[in-house]
Amino acid sequence: MASFKDLAFTSAEFARLAQISKNQVDEFEKEGVLTTIRKKVGNVDRKMVPLESAQSFFSKLREMNVPSVAAATETPNEAGDPSLAAGSDSSEVAMNASTGRHGDQKAPIGMFLPKSVQHKVQMFYNVKGGTGKSTLTAQFIMQAALMGYRVLGIDLDGQGHLSLNLDVLNAHELPTIYDVLINDLPMKDSIINVAPGLDLVPANLGLCTIEIPLNQKPRREYRLGEAIRSVYDQYDLIVADTNPAASILNSSMLVAADQVNVVCATNPLSFHGMSLVMATIEEMEREFRKELAIKIIPNMYDNREVISQEVLGELKSQFGDYCARSVISRSVDLNEATKQRTSVWGVNSRGIGAQDIGALANELIAQGQAELGSASLGNA
Ligand SMILES: Nc1ncnc2c1ncn2[C@@H]1O[C@H](COP(=O)(O)OP(=O)(O)OP(=O)(O)O)[C@@H](O)[C@H]1O
Ligand SMILES: [Mg+2]
């Protein structure tokens, strides 16, 4: 059992992660783009790609790959989706993506990773409990860190499940966002490093008592956003896991966030709660005069269950464009990853869980840019 920071991939596993062939792994190694180590697995001495090599590979790829649509576009459209902006350079980007060329540099593979994340501050949210918020937050931020982005996770739930999912076992001894928002601890002093490229503001049970003191603070809903802004420039992506309630802490995160990812389990009760969730988000947008990007992520989908299919259909017909393209299937690997407190890629790189998380991360990182990127796959 390897925690995220100790992950290492065999050539075959890394090829699946990077969406390349096994031969390309060897080629990249020869070219010095990818470094490997020898590691004993059981009795066998194997060539492995450790986490930091994978991160550095994907970082290089980002530097060499096509410019992001966001970067190429000056004026986002009203919906905030730059890929749809009138007069955007998307045709040029698409051409670059299909040739894999940026200026005189040839991208080593067609995989598309934008240099910057379109919506940098994100949160996973649902007032209903047990829909998979902490699981998807943890898997998403581990995946983003794996791809070489500098990531900060913020655990806003006193249950501390994001912290636990990231293998932080001493959260009860550590400062939390309570100390930042109530006791004026600088945000930077509440952050711990979990793995290369992945930091965390942990949570513990003490956070459950934050609502009353936070309610009494001036500008209470703005305090979290101000704290996040103090560390904003140090990260490519900042993602919060929230508590299952309509709490002031969650409202503060809605004020601070650019994007809210609503995790909806594909069961009738979770679907029933969606109207309340969407109403809460809309009310907050009106009150604070802001517009959030919204993604509804169907989770625990089982295509053998009629009820799962029905709920997915209802979600799509009722919430249309807000629905993520990625649907997360119910998978033993995701459950196992929770148990082992590691990335699903460390549990089973062949499984549907790893595939789903990879697709979700691409969608949440690249947004409208993802389609262009996937068009370039295999064209290197
Ligand atoms: N797609 C999935 N397949 C299988 N198990 C899953 C999946 N998503 C989540 N789970 C499991 O469901 C359980 C609840 O998930 P999780 O703790 O992430 O929910 P939550 O919404 O954060 O709950 P809470 O509202 O209490 O914070 C966990 O044991 C997790 O491993
Ligand atoms: Mg949770």
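Residues numbered from 1 in each chain as written. Chains lettered and ligands numbered in written order. Predicted model: local features only at pLDDT ≥ 70, side-chain atom pairs only at ≥ 80, totals over all residues.

Trainee: For the overall build of the chain, give the residues involved together with the corresponding values.
Mentor: Looking only at helices and strands, the chain features 18 helices and twelve strands. Sequence separation of 24 or more characterises 75% of the internal contacts of the chain that already satisfy a separation of 6 or more. (Helix = DSSP H or I, 4+ residues; strand = E, 2+ residues; numbered from the N terminus. Contact = placed C-beta atoms within 7 Å.)

Trainee: Tell me about helix α6 (residues 133-146), and name the residues and values.
Mentor: In this model α6 runs 20 Å from its N-terminal to its C-terminal C-alpha over 14 residues, within 8% of the 20 Å that 1.5 Å per residue would give. Most of α6 sits out of view: 14 of its 14 residues are buried. Backbone geometry just downstream of α6 places Gly 148 in the positive-phi region, at approximately 90 degrees. (Expected span 1.5 Å × (residues − 1). Buried ≥ 20, exposed ≤ 12 C-beta atoms within 10 Å, placed from the backbone.)

Trainee: Mind laying out the site of ligand 1, listing which residues take part and the relevant values?
Mentor: Looking at ligand 1, there are 19 residues lining it, with Gly 129, Gly 132, Ser 134, Thr 135 and Pro 244 nearest. Partitioned by chemical class, the residues of the shell around ligand 1 number four nonpolar, twelve polar and three charged. (Near = placed C-beta within 6 Å. Nonpolar A, V, L, I, M, F, W, Y, C, P; charged D, E, K, R; others polar.)

Trainee: Could you give an account of the sheet that holds strand β10 (residues 237-241), with specific residues and numbers?
Mentor: Pairing is mixed in the open sheet, where seven strands are placed in the order β8-β9-β7-β10-β6-β11-β12. Only two strands of the sheet have a single neighbouring strand rather than two, namely β8 (192-195) and β12 (293-299). Going from strand to strand, the sheet's axes swing by 25 degrees on average, the running direction of each strand aside. The strands that α6 touches are β6 (121-125), β7 (151-155), β8, β9 (198-201), β10, β11 (259-265) and β12; relative to β10, the one it contacts most, it runs at about 165 degrees. (Pairing = 2+ DSSP bridges. Axes fitted to C-alpha atoms, helices over the stretch in contact; angles between N-to-C directions.)

Trainee: How would you sum up the sheet that holds strand β1 (residues 8-10)? Please name residues and give values.
Mentor: Strand pairing in a sheet relies on backbone hydrogen bonds. The paired strands run either parallel or antiparallel. If you trace the three strands from one edge of the open sheet to the other, you get β1-β3-β2, paired in antiparallel fashion. Looking at which strands have only one partner, the edges of the open sheet turn out to be β1 and β2 (37-41). Looking at each pair of strands side by side, their axes are set apart by 60 degrees on average, direction ignored. Sheet topology places β1 next to strand β3 (residues 44-50); three bridges connect them, and they run antiparallel. Residue Phe 9 lies in a different strand from β3, and its bridge partner there is Val 49. Across the sheet, helix α1 (residues 11-18) is in contact with β1 and β3; its angle to β1 comes to roughly 100 degrees. Sheet strands touched by helix α3 (residues 51-64): β1 and β3. Its angle to β3, the strand with the most contacts, is close to 40 degrees.

Trainee: If you had to explain the packing of α6 against helix α17 (residues 352-366) to someone new, which residues and values would you point to?
Mentor: It is the contact of α6 with α17, at a shortest axis distance of 9 Å, that shows an interaxial angle of 75 degrees. Here α6 lies roughly perpendicular to α17, going by the angle between them. Of α17, the residues touching α6 (which contributes Gln 139, Phe 140, Gln 143 and Ala 144) are Ile 357, Gly 358, Leu 360, Ala 361, Leu 364 and Ile 365. Here the residues of the contact of α6 with α17 are counted per class, giving seven nonpolar, three polar and no charged. (Parallel < 35°, antiparallel > 145°, perpendicular 65-115°, else oblique.)

Trainee: Which residues make up the pairing of β6, and what values do they have?
Mentor: Burial analysis of β6 places five of its five residues in the buried class, the great majority of the element. In β6, alternate side chains face the same way, and those of Val 121, Met 123 and Tyr 125 on one face and Gln 122 and Phe 124 on the other are all buried. Direction of pairing for β6 relative to β11: parallel, over a ladder of four bridges. Residue Met 123 lies in a different strand from β11, and its bridge partner there is Val 260.

Trainee: So what's going on with unusual backbone geometry? Which residues, and what values?
Mentor: Not every positive phi belongs to a glycine, and Asp 184 is a case in point at roughly 60 degrees. As for its placement among the helices and strands, Asp 184 is situated in the loop between α8 (177-181) and β8.

Trainee: With reference to specific residues and values, describe the environment of Val 239.
Mentor: Among the secondary structure elements, Val 239 is positioned in strand β10. Given 26 C-beta atoms within a 10 Å radius, Val 239 is considered buried. Remark: the alpha-carbon pair of Val 239 and Phe 124, spanning 115 residues in sequence, is separated by 7.7 Å.

Trainee: Now, about the confidence of the model for the chain: what can you tell me, with residues and values included?
Mentor: Averaged over every residue, the pLDDT of the chain is 86; the share at 70 or more is 84%. The model gives residues 66-108 a pLDDT under 50, and that stretch makes 88 contacts with residues more than four places away or in other chains. (pLDDT = per-residue confidence, 0-100.)

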